[in-house]
Amino acid sequence: MTNTKTLVSEICAEQDITCLSLSKGYILRMTKNGQTRHIYGNYWDLNSAAADRLACDKCGCYSLLSASGIPAIEHTLVFNPVERAAWAEENGTLLYALEYLEKNNNKIVVKPNQGTQGRDVFFCDTPLSVEAALHTIFTKNPDAVLSPYVEIATEYRVFYLAGKAYFMYGKARGDSWKHNLASGASAFELTDPALQTELANLALRAAQCIGINFATIDIAQLTDKSLAIVEINSGVMVSRLLEQLPHLRGTIKGLFSEALSRLFAQNRVSGRVGLQV
């Protein structure tokens, strides 16, 4: 299986970078010309801590995008009434969620605020399904988010690196209502230049809004053809894409090669990160 570790190891060998695999391959420690950089799972040492956390916080990210006038799917935060009782809604988390359900035509999505890969993401259309979803999420998480269920014609993923939409692909649903490749969606390449330009421009605005340098950005095309950000992912995952479209290996390797070059072009002075010119 082609994954981050496989591609990075190949590139390091080609670029004379010493690469040490630690913690069963989950941590890659790379050294070149006296500089050391790391990749932790799918998270690269290219983003600031704040940008990484903003991307991981679905509600926080939505709030920033919305405040900046960038179209995005709404994410409303609710707190675990046990772990975060001091911040929970005054009338109770469940009651708040049920009111949200009623306001959104009895069709909402409930998911962890910091979840990934479509895990514990629930479509809810009854009070009982909302209660069950929150119970499941709160057994593992301190908070959750509520979103209105919107009809998505197609979802797209944009690979973004340092001001450029490097590559993008579409995700067609399978038997599931979700667009995650892990949930049975199928990846396909884009052929419409106008759509690619629209996606690139929206991804660029979203990335600049939260100050992220390397990410994948999920964008929904709604049934009226409008586009909206679903979420920004600071972890760059490629294994399932390359399982389905293995001929894209060279494209993704090129992206990772550029990311590595930028990683070692960084100059850290007094705790600040900047690119050498």
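Up top is the structure.
On a predicted model such as this, the values are computed, not experimentally measured, just so you know.

**A closer look at the side chain of Lys111**
Then, in step 1: Structurally, the position occupied by Lys111 is in strand β6 (residues 108-112).
Then, in step 2: For Lys111, which is buried and forms no salt bridge, the nearest opposite charge comes from Glu231, at a distance of 4.3 Å.
Then, in step 3: Within polar-contact distance, the side chain of Lys111 engages the side chain of His75 at 3.2 Å.
Then, in step 4: Excluding its chain neighbours within four sequence positions, the residues that come into contact with Lys111 are Lys58, His75, Asp120, Val121, Ile137, Ala144, Val145, Ser147 and Glu231.

**Here's the deal with the packing of aromatic side chains**
Each aromatic ring pair is specified by the distance between its two centres and by the angle formed by the two planes.
Then, in step 1: This structure, assessed with the given rule, holds eight aromatic pairs.
Then, in step 2: Members of the aromatic cluster, each reached through a chain of ring pairs, are Trp44, Phe214 and Phe256.

**Concerning the packing of helix α3 (residues 58-67) against helix α6 (residues 193-210)**
Then, in step 1: Close contact between α3 and α6 brings their axes to 10 Å; oriented N to C, the two are set at 110°. Here α3 lies roughly perpendicular to α6, going by the angle between them. As α3 packs across α6, the resulting crossing turns out to be right-handed. Residue-level contacts link Cys61, Leu64 and Leu65 of α3 to Ala206, Cys209 and Ile210 of α6.
Then, in step 2: For the contact of α3 with α6, the residue count by class is six nonpolar, no polar and no charged.

The rules behind these values
Residues numbered from 1 in each chain as written. Predicted model: local features only at pLDDT ≥ 70, side-chain atom pairs only at ≥ 80, totals over all residues. Heavy atoms only, no water. Helix = DSSP H or I, 4+ residues; strand = E, 2+ residues; numbered from the N terminus. Buried < 20%, exposed > 50% of the residue type's maximum accessible area, 1.4 Å probe, protein only. Lys, Arg positive; Asp, Glu negative; His and termini not counted. Salt bridge = Lys/Arg side-chain N within 4 Å of Asp/Glu carboxyl O. Polar contact = N/O pair within 3.5 Å; in protein donor to acceptor, adjacent residues only side chain to side chain. Contact = heavy atoms within 4.5 Å. Phe/Tyr/Trp six-rings, centres within 6.5 Å; stacked < 30°, edge-to-face > 60°. Axes fitted to C-alpha atoms, helices over the stretch in contact; angles between N-to-C directions. Parallel < 35°, antiparallel > 145°, perpendicular 65-115°, else oblique. Left-handed = near helix turned anticlockwise from the far one by under 90°. Nonpolar A, V, L, I, M, F, W, Y, C, P; charged D, E, K, R; others polar.

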